[in-house]
Amino acid sequence: MSRRGHPLRVVADGEAETYEAVIAGAAYTWAVPLGWRLSESGVWRGSGDDVAHIATQPIVVTQTYRDRDSGAQYVEVAWLARGGWRTRRWPAAVVSSAREMVTALSSGGILVGSDNAGDLVTWFRLWRAANDLPEGAVSQRMGWLDAPACRAFLAGRTLIEAGSADAGVQLMDEADAGLSQLADAVAPSGTWEGWLAAVDAVRDRWHAWAAIYGAVASVLLDIIGCAPFILDFYAQSGKGKSSTLLLAGSVWGDPQEGRGYLRSWAATVAGIEGYAAALGSLPPMLDETNKVPASSRTMVGSTLYTLANGGGKLRGSRTGGTQRASHWRSVSLSTGEQSVTDDRFTPDEGSWARCIPVPGPPMASAEQAEALVRAIGQHHGHLGPRVVRHIVDMTDVQRAALRERYDEIVAHTGQRATTPMGRRRCTYLAALQVAAEVVHIGIGIPWPECEPIQQLGDASESGAREADRAAAALRDLGQSLLRRPGQLWAPGPADLPPGAAAWLGRLDARDGWAWRAVSPDVVRSELAARGFSAAMMLDRWAANGWIRTRDGKHAVPVRMPGGTTRMVVIERAALVDVGVLTDDSALG
């Protein structure tokens, strides 16, 4: 019996048949399960005259894999098609289910249908039992594979590891076109010397070096114990923001947007989550917040919170359970004409505190920006892998010293911070300083002719004072009330008002007074005059415990001359927190 000129050898009962093949340069010899035949004409079941042709092309499982994160198992399937052998990995469940096999394998060009899928399930099961197939490791994300040990790192499809790390971890990107495209971008091109020449041309531009440090700091977070954060580059259009982001992307690979490393803010939250999850420890980079439609601008704030939180939303699966939540730990970089902490993007202070503002034009001229983009378009993807190799090769003592250096910088820079938000940002600045030292001392790149960390610190502290709008609003209102003490009613023996319209509110006149009550109309007018949204500020004050609430309302009943009315009751401790009063301030 033959097919297409390929004879089927007659095998005696009980004889073990083998099959040999060369796939991608590797020679294989497999055992064929008893009762089955395999030749270039396909897969056959039975013997003698009772033979069924199961598949018209040879198809086998060559290797199994286990996902390092989830433990899920995958198989590599190889089949002979015109032009030679082809391989692809699928979840092991695919070759164990006739229904899933028809959809998955046929999409790969394998001739399978409802008439032979069931037999192929049996074939794959017996094949795997008859052969001691090697098991490898795969990952569906890049970055550190073994944090916090940090001895194995996937940069695109390249594994950078210490001698003791698991060998042969591969990126599992067959079923994810976005991950595959991103992995293609994370690869070196041109020369190390060419990239060094490109960055030397911007040695006096502190924004450019801040971007490089951010791209490097991302892979240090697990080692030094710093939380994820965002670098927020903002300036008018045409000032070199996007060029600076491209420079940051060139640390790891082809920096171009879309086909390369960078992504646009004109994306869905789920898409950006997937991007961050695929990068793992590598830095997400999002260009131009002005591309987000006005109706969707609040997604910027929620996305920032998600990026800095290091994990995506919990989503349901098709089977009724939940999908495995995506996670990452990285420094994100963003550009736009306005800061992402602008109220139109980010109405909550939780997201503000996770951002370091990087304001102003990054480049000296359009010509400088264009020359930089041309150079890094040819030379990129060299610094990042060098940094990872430097870290992987560190001894435990050297890693401990890196963490101690980080703690030392946090303690030192925290002394100059004047706001709680500024003190929090000191941890991020410390991570950037450590990154700078790794770049210049560890890798040996000359120090720039500017002070990037000092500039970032000044911008961060200034931005913290500006961004702490809830505290600023309460401080302004409290100071205004202090200038008009006679217009706050204090109950007592002589509590008749000179005129009801003169009262702005009420003062708790007991010793060690605990609160002041202010008319809601006064609060709204005072805040509006200073450019604050009353509704937003009241929400934040309530969340901070600075005002009393009842049944979710910001105004609570307070006794005033002539009866009880609703007032905004401000706690004394709140006025102390924002600097209006000290703990021992006198009444009034």
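Residues numbered from 1 in each chain as written. Predicted model: local features only at pLDDT ≥ 70, side-chain atom pairs only at ≥ 80, totals over all residues. Heavy atoms only, no water.

A.B. asks: Just to check I follow, could you spell out the packing of aromatic side chains for this structure?
C.D. replies: Aromatic ring pairs are defined here through the distance separating the ring centres and the angle between the ring planes. Applying the stated criterion across every chain, the model contains 10 aromatic pairs. Consider the rings of W144 and F153, whose centres lie 4.9 Å apart with planes at 80°: the pair is edge-to-face. Note on accessibility: W144 and F153 belong to one class, buried. Ring geometry for W209 against Y213: centres 6.2 Å apart, planes inclined by 45°, an arrangement best described as tilted. Of this pair, W209 and Y213 are both found in helix α5 (residues 206–217), 4 residues apart, which corresponds to roughly one turn of the helix. (Phe/Tyr/Trp six-rings, centres within 6.5 Å; stacked < 30°, edge-to-face > 60°. Buried < 20%, exposed > 50% of the residue type's maximum accessible area, 1.4 Å probe, protein only. Helix = DSSP H or I, 4+ residues; strand = E, 2+ residues; numbered from the N terminus.)

A.B. asks: I'm lost on unusual backbone geometry in this one. Help?
C.D. replies: Each neighbour pair has its own omega, and for A147 with P148 the value is 5°, a cis peptide bond. Structurally, the position occupied by P148 is in the loop between β12 (143–144) and β13 (152–155). Residue E288 is not a glycine yet carries a positive backbone phi of 65°. With respect to the element layout, E288 can be found in the loop between β18 (285–287) and α9 (298–309). One non-glycine residue, D551, lies in the positive phi region at around 55°. Turning to its location among the elements, D551 is positioned in the loop between α18 (534–543) and β24 (556–560). Using a relative accessible area of 75% as the deciding quantity, one classes D551 as exposed.

A.B. asks: Explain the pattern of salt bridges to me, please; I cannot follow it from the model alone.
C.D. replies: Should the charged atoms of two oppositely charged side chains come close, the side chains can pair. Within this structure, the stated rule accounts for 19 salt bridges. A salt bridge links R548 to E571; the nearest nitrogen and oxygen atoms lie 2.8 Å apart. With R548 in the loop between α18 and β24 and E571 in strand β25 (residues 563–571), this residue pair connects regions lying 23 residues apart in the sequence. When its relative accessible area of 34% is taken as the criterion, R548 is described as partly exposed. Here the salt bridges do not stand alone but share partners, grouping R157, D173 and D184 into one network. (Salt bridge = Lys/Arg side-chain N within 4 Å of Asp/Glu carboxyl O.)

A.B. asks: So what exactly am I meant to see when it comes to the pairing of strand β7 (residues 50–55) here?
C.D. replies: For strand β6 (residues 42–47) and β7, the ladder comprises 5 bridges, and the chain directions are antiparallel. Bridge pairing in β7 places R45 opposite A52. Linking β6 back to β7 in an antiparallel pair, the connection comprises 2 residues, with G48 at a positive phi of about 65°. (Pairing = 2+ DSSP bridges.)

A.B. asks: Help me understand the layout of surface pockets in this model?
C.D. replies: Sizing a probe to match a water molecule and rolling it over the atoms shows the empty space that remains. A volume near 420 Å³ is recorded for the second largest pocket. T413, R416, Q433, I453 and Q454 are the residues nearest the centre of the second largest pocket, which is lined by 23 residues in total. With 6 residues, helix α15 (residues 452–467) is the largest single contributor of residues to the lining of the second largest pocket. Here the residues of the lining of the second largest pocket sort into 11 nonpolar, 7 polar and 5 charged. (1 Å grid on protein atoms, 1.4 Å probe; cavity = no way out; pocket = protein on both sides within 12 Å on 5 of 7 lines; lining within 4 Å. Points joined across faces, edges and corners; volume = space filled by probe spheres on them. Nonpolar A, V, L, I, M, F, W, Y, C, P; charged D, E, K, R; others polar.)

It is worth stressing that arrangement in space is one thing and function is another; only the former is reported here.
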